[in-house]
Amino acid sequence: MKTTLHTDITVRDICDGFVYNELEGKGLFGLSGKLVIQPEYQRNYIYADGKKDVAVIESVLSNYPLGLIYFNKVNDNLFEVLDGQQRITSLGRFVTGKFAIKDSNGMQQYFSGLASDLQERILNARLLIYECEGTESEIKEWFKTINIAGEALKTQELLNAIYSGPFVTLCREEFSNSQNANVQKWSAYISGIVNRQDFLERALEWVSRGEVEKYMSLHRFDTNINEIKAYFNSVIDWVSTVFIDVESEMRGLEWGRLYEKYHHQPYHPLEVSEWVKKLYADPYVHNHKGVFEFILGGMQDTKLLDVRVFDDATKRKVYSRQTEESKAQGISNCPHCAMGHEANRTKIWKLSEMDADHVAAWSKGGATDISNCQMLCKTHNRAKGNK
């Protein structure tokens, strides 16, 4: 790959013809229209937090270097930002009045309100820019390399770069757009930040059944995203139909996997709602995130709930009582062994060889207190489950 260093391009040059799309949250063009600031393989603009964007401007005002910026030369009249789009977009947004910085007196100042000498200091600041020329594979390999440093690319952002094309562009418009009216609803079930590709990552994970790279490669040049939109909406609609109450613990669960496993089964939303409320109110349930899969699975796997177990004092008391009674009767202190006919029928197990068990299963209403506790040998306790 061929590279050429330029030291004569100023902020004024870069910001000439600067266009920022508020709806999509990205810088579009600069350098009199010759520069594509966010080509499709680039991630969204993430510096608009009142800290990183301000730091870029303060660095320029302090005559601090902004670091190397890389352009991909498409042809003599068109360049793409290979690295540096966050800094360039911050400069363009400030010069065009999109945010303010604080002056030495702590007062908010937009670019238009700065003293003329400070305006000129910003506009005349020179940038160090490497112009790169190479094949698509060379450019993208270099893109991955230079993004190891700084604010690292997230996995999906990197995949967007590798499989850039019409499919990724359309997906980002749908799933990485903070202005999408559906984001609020999606946020009840998906954790992450929309413009950091977290929602797109989930959508691709669901529709591909976990084979994201394979799916993106196969669909790279598709000119529609009908399949991924339909599947994503099917999952969201299913969740919101089965669980009519939205709980904070729903956010970030493996809804794609749960949809695949359970969506063919019928559920009564009002009954599901009552069970959710009951389990949330149960003091023995420690893991509310597991409530939803527990209900979907027919309320069998109590491990999902991290149900409170019997404490050591209770175990010791029950063990002592059972052992004393068993020795007097000449039978095993494990009630299940005592009912058998094998050698263990009279075996007295050590406390360390036994587990505490609910006589009446917790899932069937049994309480976690000493009156509902029995000690079983580990083999029989594992075999019992919820029976």
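Our subject is the structure that appears above.
Residue indices follow the written sequence of each chain, beginning from 1 at its first position. Local features are withheld for residues below a pLDDT of 70 in this predicted model, meaning they are given only at 70 or higher, and side-chain atom pairs are given and counted only at 80 or more; totals for whole chains, interfaces and linings count all residues. To get the side-chain values, take all heavy atoms of the structure and skip hydrogens and water.

For the sheet that holds strand E6 (residues 78-83), give the residues involved together with the corresponding values.
Within a sheet, neighbouring strands are paired by backbone hydrogen bonds and run either parallel or antiparallel to one another. Taking strand neighbours across the sheet as the criterion, the 7 strands line up as E1-E9-E5-E6-E4-E3-E2 in an open arrangement whose pairing is mixed. Two strands bound the open sheet, and with one partner strand each, they are strand E1 (2-10) and strand E2 (19-21). In short, DSSP must find at least two bridges between two strands for them to pair. Strands here are runs of E lasting at least two residues and helices are runs of H or I lasting at least four, both read from the DSSP assignment and numbered beginning at the N terminus. In this structure, strand E5 (residues 69-75) lies alongside E6, joined through 5 bridges in antiparallel fashion. Bridge assignment links Asn75 to a residue of E6, and that residue is Leu78. For this analysis, residues touch if any pair of their heavy atoms sits within 4.5 Å. What counts as an axis is a line fitted to C-alpha atoms, over the stretch in contact for a helix, and the angles between N-to-C directions run from 0 to 180 degrees. Contacting E2, strand E3 (26-30), strand E4 (35-36), E5 and E6, helix H3 (residues 85-95) crosses the sheet at an angle of about 115° to E6.

Requested: an account of the pattern of salt bridges, with residues and values cited.
Salt bridge, as used here: a side-chain nitrogen of Lys or Arg that lies within 4 Å of a carboxyl oxygen of Asp or Glu. For the structure shown, the criterion picks out 16 salt bridges. Its salt-bridge partner being Asp53, residue Arg93 comes within 3.7 Å of it at the nearest N-O pair. Here Arg93, found in helix H3, pairs with Asp53, found in helix H2 (residues 52-61); they are 40 residues apart in sequence, far enough to count as distant. Two residues, Glu201 and Arg202, come together in a salt bridge whose shortest N-O distance is 3.8 Å. Salt bridges sharing partners connect three or more residues here, namely Lys73, Asp76 and Glu131.

Describe the packing of aromatic side chains, with residues and values.
Between the rings of Phe, Tyr and Trp (Trp by its six-membered ring), a pair exists once the centres lie within 6.5 Å; its type follows the angle of the planes, with under 30 degrees stacked, over 60 edge-to-face, and the other angles tilted. Per the stated rule, a full pass over the model turns up 17 aromatic pairs. The interplanar angle of 85° and the centroid separation of 4.9 Å between the aromatic rings of Trp186 and Phe232 together place this pair among those described as edge-to-face. With a gap of 46 residues between them, Trp186 in helix H8 (residues 183-186) and Phe232 in helix H11 (residues 226-242) connect regions that are remote in the sequence. Considered together, Trp186 and Phe232 belong to a single accessibility category, that of buried residues. Taking 6.4 Å as the distance between ring centres and 90° as the angle between the ring planes, the aromatic pair formed by Tyr189 and Trp255 counts as edge-to-face. Only protein chains enter the accessibility calculation, which uses a 1.4 Å probe. A residue is then buried if its area is under 20% of the maximum for its type, exposed if over 50%, and partly exposed in between.

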